[in-house]
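Architecture at a glance
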Amino acid sequence: MLRPALRPALLSLAFALATGAGLMAAPARAADEVAVDIPYDTFTLPNGLRVVVHTDRKAPIVAVNVWYHVGSKDEPAGRSGFAHLFEHLMFQRSEHHDGEFFEPFAAVGATDQNGTTNTDRTNYFQNVPTTALDMALWMESDRMGHLLGAVDQAALDEQRGVVQNEKRERENQPYGLVWQRLTRALYPNGHPYGHSVIGSMNDLNAASLEDVRQWFRAWYGPNNAVLVLAGDIDLATAKEKVARYFGHIPAGPSMAQPQVDVVRRPASTREVMHDKVPQPRIYRAWNVPAAGDAELPHLQLFAYLLGGVRSSRLDERLLHRERLVDNVSASVGSGQLGSTFYIVATVKQGVDPQRVEAAIDEEIARLVAQGPSAEELERARTAIRAGFIRGIERIGGFGGKADVLAECTVFHGDPGCFREELARLSGASARDVQQAGARWLGEGSHTIVVEPGERTPPEEDPAVEPAPFELPAPDPQYSTLPPAVDRSLGVPRTTEFPELKFPALQRARLSNGSTVILAERHEIPVVQLAYVFDGGHATDPADRSGTADFAMGLLDEGAAGLDPLEFSRRAERLGASLGASASQDGASAWVSALRENLDPSLALFADMVRRPNFDPDEIERVRATWIAGIRQQKARPAGMAGRVLPALLYGAGHPYGRVGSGTEESIAALTRDDLVAYHRRWVRPEQATVIVVGDTTLAEIVPALERHFGDWAGEGEPAAPVELPQVDLPVAPRVFLIDQPGAVQANIFAGHLVPPSTDPGSVRLELANGVLGGHFTSRLNMNLREEKHWSYGARSSLGGALGQRTWLVSAPVQIDRTRESMAEIQREVADFASGARPPTEAEVARVKAVQTLSLPGAYETAWSVLGTISGIVRYGRPDDYVFRRKAEVEAMTPAEVADAARNLRPEALTWVVVGELSQTEAAAREAGIGQVQVIDADGHPVAR
C-alpha cells in the first residue's frame with residue numbers, strides 16, 4: 001500500500017537511531033569497534049538527473065530509489081494535497097505501459113516497493129532481482145518522462161477517491177485530528193508548512209486535470225530528481241543503464257525552493273480538544289532549526305536524554321517514579337525549512353494533565369540547567385552507533401541505505417552528508433546539548449491536550465480560489481541524450497532470475513537440553529538471537545487471559561536484582577536490544593547484540609530469561625499501563641474487531657478463543673504467583689530452541705551460550721501440550737456490529753477458520769488467498785480501492801497456528817458505502833470459492849512470482865532469516881523448507897489453486913463491522929448477508 005508520511009523524516013539521524021530504528025551513527029572511537037560507512041559513487045546525466053551508486057553484493061538484488069524534490073511545501077494556495085495526490089497518480093499506467101505500475105514488479109518478485117510524500121519530497125522505491133534491473137529502470141523512466149499522456153479524468157477521479165479515503169482512515173483513529181491542528185498552530189497562514197500533506201477535501205475536489213498536468217510538468221523532471229541504485233550493481237553498469245533509460249528525458253524548469261523559515265514563535269500557546277478516547281494525551285511542540293543546522297544534532301541528543309528511550313528522564317520520573325503517565329516520548333522531526341521538537345505523553349486516567357505538564361517543564365528546565373552527565377552522553381552515542389549498524393544491513397525500503405544517500409543528495413547536495421552529521425553527534429559536548437535546549441525549548445511551544453468527550457469536529461480548510469500558476473520555461477543549461485530504447489516494444493522482459501540462497505542451518509545442543517540452530521551472516525557485526533519456547537496464549541487459564549503475554553512482557557522490566565531503569569541503562573551501554581513476548585502457540589525472548597559486546601549482552605539476556613524480578617511494585621505499575629493499553633485497543637476500530645473475533649470464531653471456551661493481551665478483568669486478577677508459575681512451567685530449556693543469526697560461528701556461540709545457560713534447568717515436569725479441539729464452522733453467515741460514534745468510515749472484517757499451518761494443503765490455500773486478497777493487485781483491493789475507490793486498501797490474510805487458523809478479510813470503507821462494500825466482499829468470496837470466477841493463469845502466475853521470485857530479496861536481513869527459522873521450529877518443518885515450499889509453489893496449477901479456494905466458505909463467514917451504528921446498522925441489514933446483532937467492544941450483546 002502507498003504510505004505517505006505526514007511529517008518529514010529527512011535526515012533526523014540521531015534520535016531515530018538512538019532507539020534502534022534509524023540509520024545514522026557516531027563514528028567508531030574504540031579500537032575494538034568496527035568502522036561503518038556507506039561508500040558511494042556519483043554521476044550526473046546531461047539532463048540534470050543526479051545518480052548515486054552503492055555496491056553491496058550480499059544478495060542478488062538492487063534497490064531502485066527515486067526522490068523528487070517536491071512536497072506539500074511547494075503547493076500554492078488552493079492546491080493543497082497535490083504532491084501526495086500525484087504520488088498516487090504515478091502508480092497508475094504510463095504512456096507505454098497500460099496497467100498498474102505494480103504489475104511488472106509483482107511479476108519479478110520485487111520487495112519493499114512503495115512511495116511516500118512528506119512536506120519536502122516525494123519518493124518511490126523498490127528492491128528488484130539484479131536480472132530485473134532493466135525492467136525497473138524502464139518503468140521508473142517511463143513514469144518520469146512519459147506519464148502525462150496516460151493521466152486522464154478517470155485516473156484523476158480514481159486516485160482522488162483513494163486519497164480521500166486515506167484521509168478519512170487517518171482521521172477516523174483516536175487522536176487522529178491532532179496533527180492537523182498542531183500544524184496550523186505552529187505555522188502562520190501561508191507558510192509552506194502551514195497545511196497538511198494529505199490536503200483538504202475542498203482542494204482535492206477542486207483539482208482539475210489541467211492543474212495536475214501543470215504540477216507534473218513543473219516538478220517531475222530529471223533535473224529535480226535523484227536516483228539511487230544500491231546493492232548488486234557497480235558504477236560502470238549504472239552509468240550505461242541509467243543513460244539508456246533516462247538520458248532522453250528533457251529537463252523541466254528549475255523550480256525555486258522556499259527559504260528556510262523556522263518561525264520562532266514569540267509566546268507559548270495551548271488548546272484543549274475532545275475525542276472518543278479512554279484517557280488524556282498531551283502534545284507539545286516547538287519549532288527548531290532546519291535539517292543541516294549545526295544545532296539540530298544537539299537537540300536530537302536532548303530529545304534522546306529527555307524522553308527518547310526507556311531510561312530517559314521523563315520515563316524515569318513520570319512512568320516509574322510518580323506514575324502519572326502510561327507512556328511518554330520526546331523526538332525531533334527534521335525538515336528542510338525548519339524542524340519540530342515533540343513531546344507526547346499519554347496521561348493516566350484520573351490524573352490531572354496539568355501535573356504532567358508541570359513535571360515536563362521541570363525536567364526540561366533541569367536538563368537545561370545541569371546538562372547531561374558524561375555517562376548519559378556515552379550511552380546515547382553507543383545506542384546511536386548500534387542503530388546505524390543495524391540500519392545499514394538494508395539496502396532499500398523505508399530508511400535503508402538508499403534512503404540515506406538520496407536524502408543527503410536532495411537536501412544537501414552531498415550523498416555523504418551523514419558523515420558530518422554523525423561527527424557532530426559524536427563530538428557534541430554536554431554544554432552543546434545544554435545550550436541548544438536553552439535556546440530553543442523555552443517560550444514558543446504549542447500544547448494540545450486531548451481529553452475524553454464528544455469529538456471536537458475537524459476544521460476543514462475553507463474553499464480557496466487556486467492561485468494562478470505560471471509554468472517557468474525549461475532550464476536551458478540541461479541537454480538530453482538521443483533515445484536509446486524503443487518504448488513501443490513495451491516493458492523489458494525478465495527471463496532469468498537469481499537462485500534462492502538461504503544460509504545452511506548448523507545445529508548443536510546445550511547441556512540444558514536446548515537445541516541451538518545457527519545461520520551465519522557476516523555482513524554486519526551484529527548477532528540476533530531468539531530463545532523460542534512452547535506455551536503462549538493458548539495456555540492461558542480460562543479466567544486469566546493475558547497471562548502468557550503479561551508474564552513475557554515483564555521479563556525486561558528488571559532482572560537479577562536490577563530494576564527496570566538500570567536494566568535498560570546496561571542494555572543501552574552495550575548497544576543491545578532485548579525483549580520478550582508471547583504468541584498464540586508459544587513465546588520467545590530475543591537479544592540483538594553488537595559482536596564486540598556479544599558476551600556481556602548474553603549475560604544480561606540470560607538474567608532476563610532466567611532470573612526476572614517479577615517485582616510486585618513493578619507488576620502493579622505495568623498492570624496499570626497494560627489495562628490502559630487494552631482501553632486504547634478498544635478505542636480503535638481494528639482493535640475492537642481484533643478483541644472480539646477470537647471468541648466469535650473459536651468460541652470463548654477454546655484455547656484460541658481468548659484475547660492474547662487479556663481483558664481488563666483478567667489482567668487485574670493476575671497475581672505474582674500466576675506469573676511466576678507461567679515462567680516456571682513454560683520458560684524452560686528442555687524443549688526450547690536457541691536460534692542465532694549473524695556474525696558468529698558455532699565454535700564461538702555454543703561455548704558462550706554454555707557459559708550463560710548451560711547450568712539452567714527447569715523445575716518439575718514440563719507441561720503437557722495444550723489440546724486444541726476442532727471447531728465446526730457456522731451453518732450460516734453472522735453479522736456483528738460495534739458502534740463507533742462519529743466514525744467517518746466503516747471497518748469491515750469477515751472471516752472463518754481454515755485448517756492449521758501444518759495442513760498438507762496450506763501452501764495451496766496461501767496461493768488462493770494471494771489471488772483473492774493477499775497482495776496489492778489481488779481482487780479485493782483492485783475492486784474496492786482501484787475500481788470503486790471506496791477504500792484506501794482491502795485485503796485478506798491467513799493466520800499461523802498449530803490448530804485451526806483464521807482467514808480474514810479486512811476493509812476500511814467510506815461509511816456511506818457500507819452496504820455496497822459488504823455485498824462486493826461477499827460476491828468476490830462466493831465467486832472465487834464456487835468456481836464462478838476461478839483463478840486465471842495470469843493471476844496464479846502473478847502470485848507464484850510474488851511468492852517465489854521475491855525470495856532472493858526476502859532474506860536480506862538477519863531478522864527475516866530468524867523469522868523463517870522460527871516457523872521451521874514452531875511447525876516442525878524440515879531445514880530445507882524454504883526450498884521445498886518454493887518448488888511446491890512453482891509446480892502449482894490454476895486447478896489446484898481453484899480447488900484450494902473451496903476451503904473459503906462464504907456461507908460460514910462471521911462479519912464484524914465497526915462504525916457509527918446509525919449508519920452501519922441499516923446498511924448491514926439491507927445487505928441481507930446474515931443475522932445482524934449489535935455487540936459492545938467486549939463482545940457482549942447490546943440490548944436494542
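All of these numbers come straight from a predicted model, not from anything done at the bench.

For the rest of this paragraph, the subject is the pattern of salt bridges. Enumeration according to the criterion identifies 78 salt bridges in this entry. Note that arginine 317 is salt-bridged to glutamate 362, the shortest N-O span being 2.7 Å. Of this pair, arginine 317 sits in helix 11 (residues 313–321) while glutamate 362 sits in helix 12 (residues 353–370), and the two are 45 residues apart along the sequence. Between glutamate 820 and arginine 817 there is a salt bridge, with the nearest N and O atoms lying 3.5 Å from each other. Residue arginine 817 is classed as partly exposed on the basis of its relative accessible area, which comes to 30%. One connected set of salt bridges, linked through shared partners, spans Glu316, Glu375, Arg379, Glu566, Arg569, Arg570, Glu572 and Arg573.

A separate point is the state of the cysteines. For the structure shown, the criterion picks out one disulfide. Two residues, cysteine 408 and cysteine 417, share a disulfide whose sulfurs are 2.1 Å apart. Since a negative S-S torsion denotes a left-handed disulfide, the cysteine 408-cysteine 417 link at about -80 degrees is left-handed. Each member of the pair, cysteine 408 as well as cysteine 417, carries the same accessibility label: buried.

Time to look at the nonpolar core. Counting residues in each nonpolar core, the largest one holds 65 residues, and the members touching the most others are Phe302, Leu306, Leu318, Phe341, Ile343, Val356 and Ile364. At eight residues, helix 10 (residues 296–307) tops the list of elements feeding residues into this core. Excluding residues within four positions of it along the chain, isoleucine 343 makes contact with Ile282, Tyr283, Arg284, Trp286, Leu306, Leu314, Ser329, Ala330, Ile360 and Ile364. Listed in part, the 60 residues of the second largest apolar core include Val693, Val844, Ile872 and Trp911.

One pass over the full model with this rule turns up 28 aromatic pairs. For the pair phenylalanine 125 and phenylalanine 398, a centre-to-centre distance of 5.1 Å together with 75 degrees between the ring planes defines the contact as edge-to-face. Of this pair, phenylalanine 125 sits in strand 5 (residues 122–129) while phenylalanine 398 sits in the loop between helix 13 (374–391) and helix 14 (401–412), placing them 273 residues apart in sequence. Judged by its relative accessible area of 2%, phenylalanine 125 falls in the buried class. Seen from their ring centres, tryptophan 179 and tyrosine 342 are 5.5 Å apart, and the 80 degrees between their planes marks the pair as edge-to-face. In this pair, tryptophan 179 sits in helix 6 (residues 178–186) while tyrosine 342 sits in strand 10 (residues 339–347), placing the two residues 163 residues apart along the sequence. We classify tryptophan 179 as partly exposed; its relative accessible area is 38%. Among the residues examined, tyrosine 342 registers a relative accessible area of 9% and is labelled buried. Ring pairing ties together the aromatic residues Tyr68, Phe86, Phe91, Phe101, Phe102, Phe105, Tyr124, Phe216, Tyr220 and Phe776, which thus form one cluster. One Lys or Arg, arginine 143, reaches over the ring of phenylalanine 101 and ends 3.6 Å from the middle of that ring. One residue, arginine 264, lies across the ring of tryptophan 440, its end atom 4.0 Å from the ring centre.

For the rest of this paragraph, the subject is unusual backbone geometry. The phi dihedral of tyrosine 175 falls on the positive side, at around 65 degrees, and the residue is not glycine. Mapping tyrosine 175 onto the fold places it in the loop between helix 5 (153–171) and helix 6. With a phi close to 50 degrees, alanine 560 is a non-glycine residue in the positive phi region. On the secondary structure map, alanine 560 appears in the loop between helix 17 (547–553) and helix 18 (564–574).

Before going further, it helps to spend a moment on helix 28 (residues 841–852). When the terminal C-alpha atoms of helix 28 are compared, their 16 Å separation across twelve residues agrees well with the 16 Å that a helix rising 1.5 Å per residue should span. Along its buried surface, helix 28 packs onto helix 3 (102–108), helix 25 (762–774), helix 26 (779–787), helix 29 (855–858), helix 31 (881–891) and helix 32 (894–901).

Within a beta sheet, neighbouring strands are joined by backbone hydrogen bonds and run either parallel or antiparallel to one another. If you walk across this open sheet you meet the six strands as 12-13-17-14-16-15, and the pairing is mixed. Each end of this open sheet is capped by a strand with a single partner; those strands are strand 12 (506–509) and strand 15 (577–582). For this sheet the average axis-to-axis angle between neighbouring strands, irrespective of direction, equals 15 degrees. Pairing geometry for strand 14 (residues 526–533) and strand 17 (residues 689–694), over six bridges, is antiparallel. Across the sheet, tyrosine 531 pairs through a bridge with valine 690, a residue of strand 17. Here helix 13 sits on the sheet in contact with strand 14, strand 15 and strand 16 (587–594), set at roughly 105 degrees to strand 16.

Before going further, it helps to examine the packing of helix 27 (residues 818–834) against helix 33 (residues 917–927). Two quantities define a packed helix pair, namely the angle between the helix axes and the distance between the axes. Running from N to C, helix 27 and helix 33 point in directions that differ by 35 degrees, and their axes come no closer than 8 Å. Crossing geometry of helix 27 relative to helix 33 is assigned as right-handed. Within the contact between the two elements, helix 27 uses Thr818, Arg819 and Met822 and helix 33 uses Thr920, Ala923, Ala924, Glu926 and Ala927. Looking at the contact of helix 27 with helix 33 residue by residue, the classes come out as four nonpolar, two polar and two charged.

With that settled, consider the sheet that holds strand 11 (residues 446–452). Taken together, the five strands give an open sheet; going across it, the order is 7-11-8-10-9, and neighbouring strands pair in mixed fashion. Only two strands of the sheet have a single neighbouring strand rather than two, namely strand 7 (269–275) and strand 9 (325–333). Neighbour-to-neighbour, the strand axes of this sheet turn through a mean angle of 15 degrees, independent of strand direction. Here strand 8 (residues 281–288) runs beside strand 11; their pairing, made up of five bridges, is antiparallel. Bridge pairing in strand 11 places arginine 281 opposite valine 450.

Attention now goes to the environment of arginine 385. Relative to the assigned elements, arginine 385 resides in helix 13. For arginine 385, a relative accessible area of 2% puts it in the buried group. Remark: the alpha-carbon pair of arginine 385 and glycine 575, spanning 190 residues in sequence, is separated by 7.6 Å.

With that out of the way, let us pick up the environment of valine 882. Structurally, valine 882 can be placed in helix 31. Looking at valine 882, the relative accessible area reads 4%, which means it is buried. Along the backbone, valine 882 and glutamine 354 are 528 residues apart, and their C-alpha atoms lie at a distance of 55 Å.

Our next topic: the pairing of strand 22 (residues 910–915). Counting buried positions along strand 22 yields six of six residues, so the element is predominantly enclosed. Relative to strand 22, strand 18 (residues 734–739) runs parallel, the two sharing six bridges. Along strand 22, the bridge assignment pairs valine 735 with tryptophan 911. Two elements, strand 19 (residues 745–754) and strand 22, share five bridges in a ladder whose sense is antiparallel. Within strand 22, the residue paired with isoleucine 748 across the bridge is valine 913.

Reading the values: rules and limits
Residues numbered from 1 in each chain as written. Predicted model: local features only at pLDDT ≥ 70, side-chain atom pairs only at ≥ 80, totals over all residues. Heavy atoms only, no water. Salt bridge = Lys/Arg side-chain N within 4 Å of Asp/Glu carboxyl O. Helix = DSSP H or I, 4+ residues; strand = E, 2+ residues; numbered from the N terminus. Buried < 20%, exposed > 50% of the residue type's maximum accessible area, 1.4 Å probe, protein only. Disulfide = S-S within 2.5 Å. Core = buried A, V, L, I, M, F, W, Y, C linked by side-chain atoms within 4.5 Å. Contact = heavy atoms within 4.5 Å. Phe/Tyr/Trp six-rings, centres within 6.5 Å; stacked < 30°, edge-to-face > 60°. Lys NZ or Arg CZ within 6 Å of the ring centre and 35° of its normal. Expected span 1.5 Å × (residues − 1). Pairing = 2+ DSSP bridges. Axes fitted to C-alpha atoms, helices over the stretch in contact; angles between N-to-C directions. Left-handed = near helix turned anticlockwise from the far one by under 90°. Nonpolar A, V, L, I, M, F, W, Y, C, P; charged D, E, K, R; others polar.

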